[in-house]
Amino acid sequence: MERTWRWFGKKDKITLAMLKEIGVQGIVTALHDIPNGNIWTKEKIHDLKTYIESYGMRWSVVESLPVCESIKYAGPDRDQLIENYKISLKNLSQEGIHTICYNFMPVLDWARTDLAHPNPNGTTNLYFSHAAFAYFDICILKRKDAEKSWNKEILEEVERLKNTMTPADDHKLVENIIVKTQGFVSGNIKEDDQHPVELFRQLLNLYKGSTKEQLRENMCYFLAAIMPTCNEYDMYMCMHPDDPPFQILGLPRIVTNDEDISWFLHAVDDPHNGLTFCAGSLSASVQNNVVDLARKYASRTHFVHLRSCHIFPNGDFTEASHLGGRADIIELARIFEKTNPNLPMRVDHGMTMLGDTERGYNAGYSFLGRMFAMGQVQGILATVDRELGLEYKQSGFYD
Ligand code: DNO
């Protein structure tokens, strides 16, 4: 697989020169300054692409070209927004960029309750606690009928949390769930928004009463509308699975498991309608056998995220080592290398280690932790390639 890295543009503290030193071949990025829904112009795409190429790498994947909320809930301006999306796709194709990662998660792009959960060795990882999330839902967001979404054990935990959480803890939980994990990826909420909870409530309201069937219909409408453009310009759309892969906040989530993936790939049965195989998101649900899913969907996978989760007996999950957890990254590497050795792959989130914390990287996107994971994955790929009789190309060394 092509070894890629998610880079957040020229403002990223991790520079392209650093990435070149660690064997990165391709860059995954987006025009982060353009508001959701606006057209990505050829000039802006060209400028960033040329910058990346000046470091001897290529712009391999766009992550993400965001789908506006209004397309997801079928707002009155969705057709106009879809037209804009099509123009951005065409402009990207004309600059030679053909792989687009995006998602169809309402409101929240991805969610964690703790961004620095300690591992036994002193490093930290991202963590999702059902009880903390329920506390946020019931006591901070005060969503109507929120209690009905949670089981008895979790409600008991919430009662306990009510006695121990301080205002500072509440503030941190809000930061973790709707600010720190969202600001740099989704555009719905920004780091400097003064009233994130209020804003979040307004966003949730847009989906009031929305059902899984409606969201599926809206997804299908979007995919059917863009497919002719994707065919004409050879654009490979890669749907990112929902993270976490289960319903939250009463919102339907429709890319969580085998049945969902099969549904959207068949609903618009075209090779340009494909999947981002995010092993991390999929491994956060006990119902998903990640290796089976990889075997089943490898041929419709156009982009891979390698990451692995550990699920605790109460359903909470944390992000595991790239050599452990539920995802079995070694077997996934075999499956995807066999299917297409040129498939772009990035290590997804990594642990925070050896001073990453002080450097203030985006949540999940540390430098040393991700570099460590990248080293592990490069070792896996070199080994798997030898097994398969493929050539593993190092970059940046004398052989
Ligand atoms: C989180 C990421 C997601 C992903 C988008 C793709 O770390 O995996 O934000 O980029 O969902 O659209």
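Residues numbered from 1 in each chain as written. Predicted model: local features only at pLDDT ≥ 70, side-chain atom pairs only at ≥ 80, totals over all residues. Heavy atoms only, no water.

### Digging into the packing of aromatic side chains
Applying the stated criterion to the full structure yields 18 aromatic pairs. An angle of 40 degrees between the planes, with centres 6.1 Å apart, marks the rings of F104 and F222 as tilted. Of the two residues, F104 is situated in the loop between strand 4 (99-103) and strand 5 (114-118) and F222 in helix 9 (residues 212-233); the sequence distance between them amounts to 118 residues. Comparing F104 with F222 shows no difference in burial state: the two are buried. Each ring, one from F184 and one from Y365, has its centre 5.6 Å from the other, and the planes form 80 degrees; the classification is edge-to-face. A residue pair is termed long-range when its members are at least 10 positions apart, and F184 in the loop between helix 7 (167-180) and helix 8 (196-205) and Y365 in the loop between strand 12 (344-347) and helix 14 (368-388) qualify at 181 residues. An identical accessibility class is assigned to F184 and Y365; each is buried. Taken together, the aromatic side chains of F128, F133, F136, W150, F200, F246 and F317 make up a single cluster linked through ring pairs. (Phe/Tyr/Trp six-rings, centres within 6.5 Å; stacked < 30°, edge-to-face > 60°. Helix = DSSP H or I, 4+ residues; strand = E, 2+ residues; numbered from the N terminus. Buried < 20%, exposed > 50% of the residue type's maximum accessible area, 1.4 Å probe, protein only.)

### Brief notes about the sheet that holds strand 10 (residues 309-311)
Judged by pairing direction, the sheet is antiparallel, and its 4 strands sit side by side in the order 5-6-11-10 without closing on themselves. Since the sheet does not close on itself, it has two edges, and those belong to strand 5 and strand 10, each with one partner. Each adjacent strand pair in this sheet contributes to an overall mean axis angle of 35 degrees, direction not counted. (Pairing = 2+ DSSP bridges. Axes fitted to C-alpha atoms, helices over the stretch in contact; angles between N-to-C directions.)

### Some thoughts on the sheet that holds strand 9 (residues 301-306)
Taken in spatial order, the 8 strands of this closed barrel run 1-2-3-4-7-8-9-12, and their pairing is parallel. Sheet twist, expressed as the mean angle between neighbouring strand axes with direction ignored, is 30 degrees.

### Structural notes on the pattern of salt bridges
Considering all chains together, one arrives at 33 salt bridges under this definition. In this structure, the salt-bridge partner of R216 is D260, at a minimum N-O distance of 3.2 Å. Of this pair, R216 sits in helix 9 while D260 is found in helix 10 (residues 258-267), placing the two residues 44 residues apart along the sequence. Neither R216 nor D260 differs from the other in exposure class; each is buried. In this structure, K296 and D258 form a salt bridge, with 3.0 Å as the shortest nitrogen-oxygen distance. In this pair, K296 sits in helix 12 (residues 290-297) while D258 sits in helix 10, placing the two residues 38 residues apart along the sequence. If you follow the salt bridges from partner to partner, you end up with R6, E63, R112, D243, R307, E319, R346 and D348 in one network. (Salt bridge = Lys/Arg side-chain N within 4 Å of Asp/Glu carboxyl O.)

### Comments concerning unusual backbone geometry
Trans is the prevailing form of peptide bonds, just as negative phi is the prevailing case for residues other than glycine. A cis geometry characterises the amide bond from E63 onward to S64, with omega recorded as -5 degrees. One can find S64 in the loop between strand 3 (58-63) and helix 3 (69-72). A cis amide bond, omega 0 degrees, links D243 with the succeeding residue P244. Within the element layout of this structure, P244 appears in the loop between strand 7 (236-240) and helix 10. With a phi angle near 60 degrees, A74 is a residue other than glycine that sits in the positive phi range.

### Some points on the environment of K393
Along the polypeptide, K393 turns up in the segment after helix 14. For K393, a relative accessible area of 53% corresponds to the exposed category. Those residues in contact with K393, other than ones at most four positions away along the chain, are R3 and Q25. (Contact = heavy atoms within 4.5 Å.)

Distances and angles like these do not, on their own, reveal function.
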